[in-house]
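# Overview (structure and organization)
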Amino acid sequence: MNTPSELKYTKDHEWVKIEGNVATIGITDFAQGELGDIVYVDVDTVDDDVNGGDVFGSVEAVKTVSDLFLPISGKVTEFNSALEDQPELLNTDPYGNGWIVKLEIAEGADHSELLTAEEYQAIIG
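Looking at an unreviewed UniProt entry, one finds the chain named Glycine cleavage system H protein, with Chryseobacterium piscium as its source organism. We quote the UniProt Sequence similarities (unreviewed entry) comment for the chain here in full: "Belongs to the GcvH family." Looking at the chain in UniProt, the text filed under Subunit (unreviewed entry) is "The glycine cleavage system is composed of four proteins: P, T, L and H."

Below you can see the structure in the form of structure tokens.
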């Protein structure tokens with residue numbers, strides 16, 4: 001199971017890369033493996049202010065649909081448009097070209113619930 005140490009993680013199986021006040025968010029290798037073949041990604045929160053823990057979109061796989069939860073409060077500024085034609089990037093490159101959204105982190109947003117790679121590995125076994 002691939003869990004890059006430079007990223008932060010959530011118990012809901014999202015990863016977060018924080019650079020300044022911008023967070024890039026996607027789903028983990030574990031999550032894509034559990035979902036199976038991903039066929040559609042729906043994000044309708046671009047330009048919206050969303051609270052941490054709220055649903056910001058969903059991922060549809062062949063047999064299931066899974067909500068995506070925002071790990072940090074902020075404004076969703078960008079959706080990875082490559083996913084419109086290639087949702088399978090979440091399966092083949094979850095930590096690279098398979099990122100889902102970029103977020104302008106809200107001032108004073110709480111990062112304390114984010115997990116290190118080691119803490120996330122302990123959760124998924």
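## Side note on the pairing of strand 3 (residues 22-27)
Across the six residues of strand 3, five count as buried, placing the element largely inside the fold. In this sheet, strand 3 lies alongside strand 2 (residues 14-19) in antiparallel orientation, the contact comprising six bridges. Residue pairing across strands places valine 16 opposite isoleucine 25, the latter belonging to strand 3.

## Description of the layout of surface pockets
Considering only enclosed or pocket space, the largest pocket measures out at about 260 Å³ in volume. Lining the largest pocket are 15 residues, with Thr10, Gly53, Leu70, Pro71 and Glu113 positioned closest to its centre. Considered as a void within the structure, the second largest pocket measures approximately 160 Å³ in volume. For the lining of the second largest pocket, the class distribution of residues is six nonpolar, two polar and four charged.

## Details of helix 4 (residues 117-124)
Among the residues of helix 4, those classed as buried are Ala117, Tyr120 and Ile124. Projected onto a plane normal to the axis of helix 4, the buried residues spread over an arc of 65° and lie on a single side. Pointing more than 90 degrees away from the buried face of helix 4 are the exposed residues Glu118 and Ala122. As for helix 4, its buried residues are in contact with strand 1 (8-9) and helix 1 (29-35).

Cut-off values and rules
Residues numbered from 1 in each chain as written. Predicted model: local features only at pLDDT ≥ 70, side-chain atom pairs only at ≥ 80, totals over all residues. Heavy atoms only, no water. UniProt positions renumbered as here; feature names shortened; annotations may be inferred. Buried < 20%, exposed > 50% of the residue type's maximum accessible area, 1.4 Å probe, protein only. Helix = DSSP H or I, 4+ residues; strand = E, 2+ residues; numbered from the N terminus. Pairing = 2+ DSSP bridges. 1 Å grid on protein atoms, 1.4 Å probe; cavity = no way out; pocket = protein on both sides within 12 Å on 5 of 7 lines; lining within 4 Å. Points joined across faces, edges and corners; volume = space filled by probe spheres on them. Nonpolar A, V, L, I, M, F, W, Y, C, P; charged D, E, K, R; others polar. Arc of directions from axis to C-beta. Contact = heavy atoms within 4.5 Å.

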